[in-house]
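What follows is each chain in one-letter form.
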Amino acid sequence: MAGSQASHPHPYVPRDLHLPGYVPCFLSQSNILTVFASFTVILFSLTWIFSGRLKKTKVDRLLIFWWAFTGLTHMVLEGYFVFAPEFFKDNTGFYLAEVWKEYSKGDSRYAGRDAGVVTVEGLTAVLEGPASLLAVYAISTGKSYSYILQFAISLGQLYGTAVYYITAILEGDNFSTNSFYYYAYYIGANFSWIVIPSIISIRCWRKISAAFQAQSQTKKHKTR
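Residues numbered from 1 in each chain as written. Predicted model: local features only at pLDDT ≥ 70, side-chain atom pairs only at ≥ 80, totals over all residues. Heavy atoms only, no water.

1. Structural notes on the nonpolar core
Counting residues in each nonpolar core, the largest one holds 27 residues, and the members touching the most others are Leu19, Tyr80, Phe81, Phe87, Trp100, Tyr110 and Tyr164. Among the secondary structure elements, those contributing two or more residues to this core are α2 (58-83), α3 (95-103), α5 (146-170) and α6 (179-223). Take this core: its biggest share by element is five residues, from α3. (Core = buried A, V, L, I, M, F, W, Y, C linked by side-chain atoms within 4.5 Å. Buried < 20%, exposed > 50% of the residue type's maximum accessible area, 1.4 Å probe, protein only. Helix = DSSP H or I, 4+ residues; strand = E, 2+ residues; numbered from the N terminus.)

2. Side note on α3
Of all nine residues making up α3, eight are buried, and the element is well covered by its neighbours. Within α3, the full set of buried residues consists of Leu96, Ala97, Glu98, Val99, Trp100, Lys101, Glu102 and Tyr103.

3. Quick word on the environment of Gly106
Among the structural elements, Gly106 can be located in the loop between α3 and α4 (115-141). Each C-alpha atom, one on Gly106 and one on Phe180, is 8.2 Å from the other, the two residues being 74 residues apart in sequence. When residues no more than four places from it in sequence are discounted, the contact partners of Gly106 are Phe175, Ser176, Tyr181, Tyr185 and Tyr186. (Contact = heavy atoms within 4.5 Å.)

4. Observations regarding a nonpolar patch on the surface
On the surface, Phe83, Leu123, Val126 and Leu127 cluster together to form a nonpolar patch covering roughly 440 Å² of accessible area. By residue number, the principal contributor to the nonpolar patch is α4, which donates three residues. Position of Leu123 relative to the elements: it lies in helix α4. (Patch = residues over 30% accessible without salt bridge, like charges linked within 9 Å, V, L, I, M, F, W, Y side chains within 5 Å. Areas by Shrake-Rupley, 256 points an atom, 1.4 Å probe, with all protein chains shown as cover. Salt bridge = Lys/Arg side-chain N within 4 Å of Asp/Glu carboxyl O.)

5. Here we look at the pattern of salt bridges
In total, this model carries four salt bridges according to the counting rule given. Between Glu98 and Lys101 there is a salt bridge, with its nearest N and O atoms 3.5 Å apart. In this pair, Glu98 and Lys101 are both assigned in helix α3, three residues apart and thus about one turn of the helix distant. When sorted by exposure, Glu98 lands in the same class as Lys101, which is buried. A salt bridge links Lys105 to Glu102; the nearest nitrogen and oxygen atoms lie 3.0 Å apart. Classification of Lys105 as buried rests on a relative accessible area of 16%. On the basis of relative accessibility, which here comes to 5%, the residue Glu102 falls in the buried class.

Laid out in structure tokens, this is it:
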């Protein structure tokens, strides 16, 4: 019985990170990425077909996919991390646990339950996840709050990403097993949550500004 509870040597940095009961990944990196890529392709196909029936523009159809993808990622993937603090002990090969065991090679703060990371991921999962799915509904039905909602979520994502990187830098920025995991996971996996929210924020800002400008011009015409 005692042998079954013994910790295996973990691959994370720092090497003295205390992870009692650690169990190595059952799934390979290729298996994990294949499942994630398959999910992404299936979700894109479903949202593209769905949005096509709604006669939406290509931009709106891409946005519907993005918000569905980011909402499910926040709620399911990141939510699991937040509410499963001992994922590194999982010995069943459960996919979500395997994802975080693998990702921790790029940022061991996840395996070590760093308070800053848990806070950022918790707020993201609980607030931004549902809000992202609400954005899918807002775009699909043409709600008036669509742009302000997307703008708010995007700012939240950018803020969370900034906190994620800044806290890492302040703590020494030495949490990756090697340079491959540093650039592939720590940098690459988070890159889209910098670029896409930035683009969406700019677009929403212009849309909102244009709406207010049009409203202002309408009022001027009425007062003449």
